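# Structure assessment
Next come the chains, spelled out residue by residue.
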Amino acid sequence: MSSDEPDGVPDGMKVDVEGRVYCTGPGGTWVFAADGRRLGIIRTPEIPANLAFGGPDLKTLFFTARTSIYTLRVTTPGQAHPWYR
């Protein structure tokens, strides 16, 4: 991932309870394993700028983009912010 890409730059970043890192960037949201391997890219209709885990079980990913908010249900919850533990 590079900030030299024409569509999106590395920006918002979150971690799930298994240590996977989700980072918005070129082409969508990049997902990396805890050891740094790239697992894939979550594509959305618009390039997202930021993301957050939400919902009562932290299994809904919310992506913010220029004109919309997108959601995706996931099987692994996000890492809760220390204030909410």
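It should be noted that the structure appears before, not after, this text.
What comes next concerns the included structure.

Definitions and cut-offs
- Residues numbered from 1 in each chain as written.
- Predicted model: local features only at pLDDT ≥ 70, side-chain atom pairs only at ≥ 80, totals over all residues.
- Heavy atoms only, no water.
- Core = buried A, V, L, I, M, F, W, Y, C linked by side-chain atoms within 4.5 Å.
- Buried < 20%, exposed > 50% of the residue type's maximum accessible area, 1.4 Å probe, protein only.
- Helix = DSSP H or I, 4+ residues; strand = E, 2+ residues; numbered from the N terminus.
- Contact = heavy atoms within 4.5 Å.
- Pairing = 2+ DSSP bridges.
- Axes fitted to C-alpha atoms, helices over the stretch in contact; angles between N-to-C directions.
- Phe/Tyr/Trp six-rings, centres within 6.5 Å; stacked < 30°, edge-to-face > 60°.

### Some points on the nonpolar core
Among the nonpolar cores identified, the biggest contains 10 residues, and these are Tyr 22, Val 31, Ile 42, Leu 51, Phe 53, Leu 61, Phe 63, Ala 65, Tyr 70 and Val 74. Within the residue set of this core, elements represented by two or more residues are strand E5 (50–54) and strand E6 (60–64). For Ile 42, the contacting residues outside a window of four places in its chain are Tyr 22, Gly 27, Gly 28, Thr 29, Val 31, Leu 61, Phe 63 and Leu 72.

### A closer look at the pairing of strand E4 (residues 38–42)
Bridge count between strand E3 (residues 28–32) and E4: four bridges; the pairing is antiparallel. What sits directly across from Val 31, in E4, is Gly 40. Joining the antiparallel neighbours E3 and E4 is a turn of five residues, in which Gly 36 adopts a positive phi near 100°.

### Here we look at the sheet that holds E3
The four strands are arranged E1-E2-E3-E4 in an open sheet whose pairing can be described as antiparallel. Of all the strands in the sheet, just strand E1 (13–15) and E4 have a single pairing partner and so form its edges. Strand-to-strand twist in this sheet, taken as the mean axis angle between neighbours without regard to direction, amounts to 20°. Relative to E3, strand E2 (residues 21–25) runs antiparallel, the two being bridged by five bridges. Following the sheet pairing, Tyr 22 is matched in E3 by Val 31.

### Structural notes on the packing of aromatic side chains
Under the definition given, this model contains two aromatic pairs. With a centroid separation of 5.3 Å and an interplanar angle of 90°, the aromatic rings of Tyr 22 and Phe 53 are classed as edge-to-face. Here Tyr 22 is found in strand E2, whereas its partner Phe 53 is found in strand E5, with 31 residues between them in sequence. Phe 53 matches Tyr 22 in its accessibility class, with the two residues each being buried. A centroid spacing of 6.2 Å and a plane angle of 20° characterise the contact between Trp 30 and Phe 32, whose relative ring orientation is stacked. Overall, Trp 30 belongs to the buried group, its relative accessible area being 11%.

In short, shape yes, function no, at least from these values alone.
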